[in-house]
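# Inside the fold
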Amino acid sequence: MTNQNTISRESDLSGGEYKWGFVTDVETDLAPKGLSEDIVRLISAKKEEPGWLLDWRLKAYRHWVSLYESEGEPDWAMIDYPDVDFQDIYYYAAPKGTNEAPKNLDDVDPEMLETFEKLGIPLQERAALAGVAVDAVFDSISVATTMEKQLGELGIIFCSFSEAVKNHPDLVKKYLGSVVPYTDNFYAALNAAVFSDGSFAYIPPGVRCPIELMTYFRINTEGSGQFERTLIVADAGAYVSYLEGCTAPFRKTSQLHAATVELVAHDDSEIKYSTIQNWFPGTPEGEGGVYNFVTKRGRADKNAKISWTQVETGSAITWKYPSVILRGDNSVGEFFSVALANNHQQADTGTKMIHIGKNTKSTIVSKGISAGKGNNTYRGQVQIMPGAENAVNHTQCDSLLVGDQCGAHTVPYIEVRNPTARLEHEASTSKVSDDQLFYLMARGLSEEEAHHMIITGWSRDVIKELPFEFALEASQLLKVSLEGAVG
Amino acid sequence: MLEIKNLHASVLDIDDSEILTGIDMKVNKGEVHAIMGPNGSGKSTLANVLMGRFDYLVSEGDITLDGESIIELRPDQRAHLGMFLAFQYPAEIPGVRPWQFLKTALDSKAESRGEDKMSVRNFSKLFDEKVEAVGINPNLVKRSLNEGFSGGEKKRNEMLQLEVLQPSLAILDETDSGLDVDALRIVAEGVNSMRSPARSFIVVTHYQRLLNYITPDVVHILVAGKIVKTGGPELALEVEKDGYNEYLSATGANV
Ligand SMILES: Nc1ncnc2c1ncn2[C@@H]1O[C@H](COP(=O)(O)OP(=O)(O)OP(=O)(O)O)[C@@H](O)[C@H]1O
Ligand SMILES: [Mg+2]
């Protein structure tokens, strides 16, 4: 994304409404509502998948059914929402006529391109200029992938998940489900059964990916669920920075989103994964909004490093715990998060750091902002396994309250099974103080600007971890998301 | 011109908490007024009420700037009209760089007046110049606004903002307290160099020594929320010598 592009978006954001709330009028090819083995087969057939993948989906489906019948949806998180009717959702929605993913931009529905334009996605040659390769997922089908060629020369694969299944089946087969098996949890099982598309990246040994890889996700069809799946593999000594952005239009009905992300960081490699999640949060009165149930996990081998950075401003419900399994000696896991819950939003998010190797190190910085009637919960787990000699964890967990009807909760779980471990946990809760507000306003900032400055300043330790253009966008999103909560 | 007429103010939501008990004061363009008075007499409250702090209730009286009442204006609107308060206790704002903060402040002022924003390059130049002028350690302004600043550093940072924002009415609330001799001179030089026929100052201080550097046009003695005496620079010398006892007994205040 060019800086210019991001900055122009900044000036567009003054309206205060959910800016991404437009609906694209593209003819959509819908499978009937509801979930069944037939739907799973249909999805797989539409995508012309090999038999092993259909088998895997079916196993996942059956596992999901058994979970559904025994326990139902998980209910341990501090979120409250009506039961999801899983039979009232479209599990497959592809823009009509794009059964075949388009080969180049000329094949793409112009209206769809316009949508991306509005989203500020640098889909065309702007992307090349800005050094970003973009893989945009529009509902289910991947629309266009840029810069594939340049990456190809380095042996880097960056494409939609379906293309990866077609063109790199061995890689997919090797890694799919290796970090998040379909048995992992209710939503992971659901995703494995019906995932529609997503992104795939593979960085070969010793290669440093020269540009940031980016995917924009968007839900368009009313009543549809989005189940994308992302798989990123950094082979030995490789490096990649991956960005993910999410938006959904304004809908008074709720939309279900259950994604799975798997990261594999081989020896000496590094994966940096940044997310800006801005799914539709629902109306200020609490109608509609995206239910965001996401399973994200990475595996770090010897000397490898995985960093998750997330700015979560959207969704009515967020249930998300990007985790790192520190399997190799000297591996490093990081989690930097800003989660904002305004109006009736509920966020239950955090991380899991599982230390298995020796000298493993993890850092957790979680910043939760609650405003309006929002509820924000940090749920984090640090687990030190018996073999993890000299493991180190530092956790910092801060909550900021804006107004007095919101809530902040911290739920740390710590399990230490090796006495050499060193763990530090810091937590704080603060309010935006009148002294701070008056100080800034006395210098000429409006109340809203003052709040925004205090909040982005407070979130700085996380935002500074984002690539520059994403950092600007994150700061703007915080501003827009807080409108109505202050003033 | 600033005019304060029979100003009464109390703490919002606290009954019988009147702090300012009827203040009258007139500050013409180009003048420097000093306000002195014992601890707790209401000097900071007056400064805050002038700047529009929300947690005070003005129950009586008026404040006008160039003839227009500003009582209903928010602090940011007052700042846009050219008012400035150098705080006695500046707030700490984690994660916010002084540079970014001042640029935003300047931009919103320009915007409110329909003027062009200063370019980043010009602003940077101005900022660096002023950082040097007020003698702030340049590393300090790379940190969070006021966070972990020493008392003197905070005061210098207030001076930096004053010099960058160039207000037409500056209220300095004990900007000289806790300063070493060099810093005191910098504050005085700052004020003196900014003195102009179009700009006025209200300087709240406990010390005559500041007034050796900045010769005020008018000195007010504030006791128990009222101005009990107004005079020329010689009044400050008297207070330095005799203290406030004579006024305290007169008002029946008990400090
Ligand atoms: N927000 C408030 N809530 C309660 N009491 C207040 C508030 N603001 C001021 N006061 C009280 O009003 C009185 C005047 O306070 P103020 O800070 O104006 O004094 P001052 O003259 O500036 O004193 P100093 O010389 O110590 O700075 C004090 O008794 C103070 O405790
Ligand atoms: Mg005071």
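In this text the structure is predicted, and so the values were computed from the model without any measurement.

### Things to note about the packing of helix H3 (residues 98–112) of chain B against helix H5 (residues 151–165) of chain B
Residue and element names in this part refer to chain B. Remark: H3 packs on H5, axes separated minimally by 11 Å, with the N-to-C direction vectors making an angle of 35°. As H3 packs across H5, the resulting crossing turns out to be right-handed. In this structure, H3 contributes Phe 101, Leu 102, Ala 105, Leu 106 and Lys 109 to the contact, and H5 contributes Leu 160, Gln 161, Val 164 and Leu 165. Taken together, the residues of the contact of H3 with H5 sort by class into seven nonpolar, one polar and one charged.

### Focus on the pairing of strand E15 (residues 323–326) of chain A
Residues and elements named next belong to chain A. One ladder, built from four bridges, connects strand E12 (residues 289–300) with E15; its direction is parallel. Bridge pairing in E15 links Arg 297 to Ser 323. As judged from the four bridges shared by E15 and strand E17 (residues 346–355), these two strands associate in the parallel manner. If you follow Ser 323 over to E17, its bridge partner there is Lys 352.

### Here we look at the sheet that holds strand E8 (residues 200–204) of chain B
Residue and element names in this part refer to chain B. Taken in spatial order, the six strands of this open sheet run E6-E7-E8-E3-E9-E10, and their pairing is mixed. Both edges of this open sheet fall to strand E6 (83–86) and strand E10 (226–231), since each of them pairs with a single strand only. Taking the axes of each pair of neighbouring strands and ignoring which way they run, one obtains an average angle of 20° across the sheet. Note that strand E3 (residues 32–36) and strand E9 (residues 218–223) share four bridges and pair parallel. What sits directly across from Met 36, in E9, is Ile 221. Sitting on the sheet, helix H1 (residues 43–51) touches E3, E6, strand E7 (169–173), E8 and E9, and the angle it makes with E6 is about 150°. Packing against the sheet, helix H8 (residues 234–242) makes contact with E3, E9 and E10, and its axis sits at approximately 120° to E10.

### Observations concerning the site of ligand 1
Residue and element names in this part refer to chain B. In the vicinity of ligand 1 lie 14 residues, with Gly 40, Lys 43, Ser 44, Thr 45 and Tyr 56 positioned nearest. Asn 39 places a polar side-chain atom, nitrogen or oxygen, 3.0 Å from an oxygen atom of ligand 1. In the model, a nitrogen atom of ligand 1 is placed 2.7 Å from a nitrogen or oxygen of the Tyr 56 side chain. Burial of ligand 1 by the surrounding chains reaches 63%, relative to a free accessible area of 630 Å². Considering each element in turn, the shell around ligand 1 owes the most residues, three residues, to H1. When grouped by side-chain class, the residues that make up the shell around ligand 1 number four nonpolar, eight polar and two charged.

### Brief notes about the coordination of the magnesium ion (ligand 2)
Residues and elements named next belong to chain B. Here the magnesium ion (ligand 2) is held by the protein donor atoms Ser 44 (OG) and Gln 88 (OE1), which lie 2.0 to 2.1 Å from it. Here Ser 44, found in helix H1, pairs with Gln 88, found in the loop between E6 and H3; they are 44 residues apart in sequence, far enough to count as distant. Looking at Ser 44, the relative accessible area reads 21%, which means it is partly exposed. Take Gln 88: its relative accessible area is 16%, and that puts it in the buried class.

Reading the values: rules and limits
Residues numbered from 1 in each chain as written. Chains lettered and ligands numbered in written order. Predicted model: local features only at pLDDT ≥ 70, side-chain atom pairs only at ≥ 80, totals over all residues. Heavy atoms only, no water. Axes fitted to C-alpha atoms, helices over the stretch in contact; angles between N-to-C directions. Helix = DSSP H or I, 4+ residues; strand = E, 2+ residues; numbered from the N terminus. Left-handed = near helix turned anticlockwise from the far one by under 90°. Contact = heavy atoms within 4.5 Å. Nonpolar A, V, L, I, M, F, W, Y, C, P; charged D, E, K, R; others polar. Pairing = 2+ DSSP bridges. Near = heavy atom within 4 Å. Polar contact = N/O pair within 3.5 Å; in protein donor to acceptor, adjacent residues only side chain to side chain. Areas by Shrake-Rupley, 256 points an atom, 1.4 Å probe, with all protein chains shown as cover. Donors = N, O, S within 2.8 Å, 3.2 Å for Na, K, Ca; no water. Buried < 20%, exposed > 50% of the residue type's maximum accessible area, 1.4 Å probe, protein only.

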